[in-house]
Amino acid sequence: MTETGPREPRILLGIAFMMLAASFFPVMNGLVQWLSPRYPSEQIVWARIAGQFVLMLALMLPGAGLMVFATRRPLLQLGRSFCQLASTTLYFIAVATVPLAKAAAIGFLAPFIVALLAWPLLGEKPQLRRMLAVAAAFAGVLVVIRPGDESFQAASLLILLSSSFYALYQVLTRKVSPYDSAQTSTLWSSVVGCVVLTLVVPFVWVTPTSLADTLAFLALGGLATAGHYCVARAMSYGPAAVISPFQYWQIVGSVLMGVAITGLWPDGGTWIGAAVIIGAGVFMAVTEGRRR
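This text gives an overview of the structure that appears in the document. (Residues numbered from 1 in each chain as written. Predicted model: local features only at pLDDT ≥ 70, side-chain atom pairs only at ≥ 80, totals over all residues. Heavy atoms only, no water.)

## Quick notes on the overall build of the chain
- Helices and strands together make up the secondary structure of the chain, namely 13 helices and zero strands.
- When the helices and strands of the chain are read in sequence order from the N terminus, they spell out α-α-α-α-α-α-α-α-α-α-α-α-α.
- The C-alpha atoms of the chain give a radius of gyration of 19 Å, which matches the 19 Å a tight globule of 292 residues would have.
- Projecting the C-alpha coordinates of the chain onto the three principal axes gives extents of approximately 55 × 55 × 40 Å.
- A separation threshold of at least 6 residues defines the contact pool for the chain, and within that pool the share at least 24 residues apart is 89%.
- Of the accessible surface of the chain, which amounts to about 14,200 Å², a share of 71% is contributed by carbon and sulfur atoms.
- Of the side-chain charges in the chain, 18 are positive and 10 negative, and the distance between the mean point of each set is 10 Å. (Helix = DSSP H or I, 4+ residues; strand = E, 2+ residues; numbered from the N terminus. Rg over C-alpha atoms; globule rule 2.2 N^0.38 Å. Contact = heavy atoms within 4.5 Å. Areas by Shrake-Rupley, 256 points an atom, 1.4 Å probe, with all protein chains shown as cover. Lys, Arg positive; Asp, Glu negative; His and termini not counted. Charge placed at Lys NZ, Arg CZ, Asp CG, Glu CD.)

## Re the packing of aromatic side chains
- A full pass over the atoms with the stated rule returns seven aromatic pairs.
- Geometrically, the ring pair formed by Tyr39 and Phe217 is edge-to-face, given 5.0 Å between the ring centres and 80° between the ring planes. Taken together, the positions of Tyr39 in the loop between α1 (4–35) and α2 (41–64) and Phe217 in helix α10 (residues 211–235) put the pair 178 residues apart, joining distant regions of the chain. In terms of burial, Tyr39 and Phe217 fall into one category: buried.
- Their ring planes at 90° and their centres at 4.8 Å tell us that Phe108 and Tyr248 sit as a pair that is edge-to-face. Within this pair, whereas Phe108 is found in the loop between α4 (100–107) and α5 (110–122), its partner Tyr248 is found in the loop between α11 (240–243) and α12 (250–262), the two being separated by 140 residues in sequence. Neither Phe108 nor Tyr248 differs from the other in exposure class; each is buried.
- The aromatic ring of Trp34 is capped on one face by Arg38, whose charged end is 4.6 Å from the ring centroid.
- The ring centre of Tyr179 lies 3.9 Å from the NZ or CZ of Arg73, which sits over that ring. (Phe/Tyr/Trp six-rings, centres within 6.5 Å; stacked < 30°, edge-to-face > 60°. Buried < 20%, exposed > 50% of the residue type's maximum accessible area, 1.4 Å probe, protein only. Lys NZ or Arg CZ within 6 Å of the ring centre and 35° of its normal.)

## Concerning a nonpolar patch on the surface
- Taken together, the side chains of Val195, Val196, Leu199 and Val200 make up a nonpolar region of the molecular surface, amounting to roughly 330 Å² of accessible area.
- Relative to the elements of secondary structure, Val200 occurs in helix α9 (residues 191–204). (Patch = residues over 30% accessible without salt bridge, like charges linked within 9 Å, V, L, I, M, F, W, Y side chains within 5 Å. Salt bridge = Lys/Arg side-chain N within 4 Å of Asp/Glu carboxyl O.)

## Observations regarding the environment of Ser210
- Note on placement: Ser210 falls in the loop between α9 and α10.
- Linking Ser210 and Lys125, residues 85 residues apart in sequence, is a C-alpha distance of 53 Å.
- Within the structure, the side chain of Ser210 is placed 3.2 Å from the backbone nitrogen of Asp213, a separation counted as a polar contact. (Polar contact = N/O pair within 3.5 Å; in protein donor to acceptor, adjacent residues only side chain to side chain.)

Written out as structure tokens, the structure is:
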């Protein structure tokens, strides 16, 4: 009783933080979809990455100073940063036309790609249950995308590519974690995007035409920062196998944001495919937690 009593509220707090994070991200993606018809993708991605970078600098520099940039693995950090830039850019381009619920469902494939990459890049031997979950998740994505069907959207493939870059970003994060602090890795994850897009944006810049658009651009970085902060807090309160599945709450927010912006509900294929992917994710989280 004395050991489990204090633990349960902390796990519940971790679940609450994960669900809060899964509520921030759909709002951010909804704003991207809302801004996309009027502004170039480069400008929207820049607002998201640069906004997060500036906010993290404001939070970290007073305590750590410029030493927060010191890294023992600069090439790994540059690789992580490039992967985040590629993943964010591809995803934001895709959600300009792909329904948010469909985009979220395809994006859930990233943890399964991590499971595949963990073998060649991290030396983690593949487990049968893990591979079965990966196969089920890919089947679910095929149901969502439906290649060859008249409802197929080529932009959905950009989200698949985005998920692949995000998975590689996570693997590289695990490789660099023994050498650099979480604060250092957080800042480095945005460095390449800030530098590259700051050079590009002046050539494509479109000045926001309303206060609402300006606030939407400013909100992108804040929502991204808040979401990632909540994920980090969530994982500190309980086992990943218990906390991680609650990231799938994001599908609810994505449906609501999609309906609010377009007035359209996801079709049956999206619901079925998302259910398969989420089921595979919960199965993998539970079995991995028990094995460890």
